[in-house]
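Per-entry structural report
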Amino acid sequence: VTRRTAVLAAPIYLVLFLMSSWASRHAHVLADRAGSEDRGSVWLWWCYLAVFAVIAATNGLGLQSAAIPAFVLLALIQNFWRPMLISRFADHADPAKQATVLSIESQSKCLYAAVLAPLLGLAVDHMPADMKFLPVGLAGLLIAALMLGTGRRLPTETRPSA
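Numbers given to residues run from 1 along each chain, matching the order in which its sequence is written. pLDDT decides what is reported in this predicted model: residues at 70 or higher carry local features, side-chain atom pairs at 80 or more are listed and counted, and totals for whole chains, interfaces and linings draw on all residues regardless. By convention in this description, side-chain values take in all heavy atoms of the structure and omit both hydrogens and water.

Considering the overall build of the protein chain
Counting secondary structure elements, the protein chain contains 6 helices and 0 strands. N-terminal to C-terminal, the α/β element order of the protein chain is α-α-α-α-α-α. With respect to the principal axes defined by its C-alpha atoms, the protein chain has extents near 65 × 35 × 30 Å. The 162 residues of the protein chain split such that 25% are buried. Pairs at least 24 residues apart make up 69% of the contacts formed inside the protein chain by residues separated by at least 6 positions. Surface accessibility follows the Shrake-Rupley procedure with a 1.4 Å probe radius. Residue values consider only the protein chains on display as shielding. Accessible surface for the protein chain amounts to roughly 10900 Å². Of this, 69% is attributable to carbon and sulfur atoms. If the 13 positive side-chain charges of the protein chain are averaged to one point and the 9 negative ones to another, these points end up 5 Å apart. Labels follow the DSSP assignment, with helices taken as runs of H or I lasting at least four residues and strands as runs of E lasting at least two, numbered in each case from the N terminus. Relative accessible area decides the class of each residue, using a 1.4 Å probe on protein chains only: under 20% of the type maximum gives buried, over 50% gives exposed, and in between gives partly exposed. It only takes one pair of heavy atoms within 4.5 Å for two residues to be counted as in contact. Note on charges: Lys and Arg go in the positive column, Asp and Glu in the negative column, and His and the chain ends are not counted at all. In plain terms, the charge of a residue is placed at NZ if it is Lys, CZ if Arg, CG if Asp and CD if Glu.

Here it is, written out as structure tokens:
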């Protein structure tokens, strides 16, 4: 059983890592199409919102296997997100303090995971077996909605300076 699991998992991880690599390498294309990294990040928050809605909906309908592609999409979105986030930090942070800003970002991400993971785990543990992904979908929906609702408004068009 262990050997069969390893043989089945290896190609899946290979495909996931190749897709993640492709997404990271092409994050600039998304930013270019959006008009900027800031605008691209807003697009990605909308993608997060949609994917978490799919996770919550498929779980609420008892279609857990339908959530698997949504989790793959989350991995891809994250790999588009990370390079754009780093680029945004580089654009907005004082060059002398960029390493500190990135360190704070990394530590806050770890703290966020350390707080949220046990809470989500507790929620998942108390859900019926056919609704285990629902807390993840709802938490993601809430966070994405908060980010979109409280984010800085971007201009609708970019005008060249005269």
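Concerning the packing of helix H5 (residues 98–125) against helix H6 (residues 134–150)
A fitted line through C-alpha atoms represents every axis, and for helices the fit uses only the stretch in contact; the resulting angles, taken between N-to-C directions, go from 0 to 180 degrees. Running from N to C, H5 and H6 point in directions that differ by 140 degrees, and their axes come no closer than 9 Å. Here H5 lies oblique to H6, going by the angle between them. On H6, the residues that touch Tyr 112, Leu 116, Leu 120, Ala 123 and Val 124 of H5 are Pro 135, Val 136, Ala 139 and Ile 143. For this classification, Asp, Glu, Lys and Arg are treated as charged, while Ala, Val, Leu, Ile, Met, Phe, Trp, Tyr, Cys and Pro are nonpolar and the rest, including Gly, are polar. Residue composition of the contact of H5 with H6, grouped by class: 9 nonpolar, no polar and no charged. Roughly parallel means an angle under 35 degrees; roughly antiparallel, over 145; roughly perpendicular, 65 to 115; everything else is oblique.

Quick word on a nonpolar patch on the surface
Residues Leu 111, Val 115 and Leu 119 make up a contiguous nonpolar surface patch of about 300 Å² in total accessible area. Looking at where Val 115 falls in the secondary structure, it is placed in helix H5. Patch building starts from residues that exceed 30% relative accessible area and form no salt bridge, then joins like charges within 9 Å and nonpolar side chains (Val, Leu, Ile, Met, Phe, Trp, Tyr) within 5 Å. By salt bridge we mean one thing: a side-chain nitrogen of Lys or Arg within 4 Å of a carboxyl oxygen of Asp or Glu.

Looking at the pattern of salt bridges
According to the stated counting rule, one finds 2 salt bridges in the structure shown. Ionic pairing is found between Arg 88 and Asp 38, a salt bridge with its closest N-O pair at 2.7 Å. Residue Arg 88 is located in helix H4 (residues 68–92), and its partner Asp 38 is located in helix H3 (residues 37–60); the two are separated by 50 residues in the primary sequence. When its relative accessible area of 21% is taken as the criterion, Arg 88 is described as partly exposed. Given a relative accessible area of 15%, Asp 38 falls into the buried group. Put simply, Arg 82 and Glu 105 hold a salt bridge, and the shortest N to O gap is 2.8 Å. With Arg 82 in helix H4 and Glu 105 in helix H5, the pair connects residues that are 23 residues apart, well separated along the chain.

Some points on the packing of aromatic side chains
Only centres within 6.5 Å qualify two rings of Phe, Tyr or Trp (six-membered ring in Trp) as a pair; their planes then separate them into stacked at under 30 degrees, edge-to-face at over 60, and tilted for everything else. Across all of its chains, the model carries 6 aromatic pairs by this definition. Taken together, the ring pairs in this structure connect Trp 45, Tyr 48, Phe 52 and Trp 81 into an aromatic cluster.

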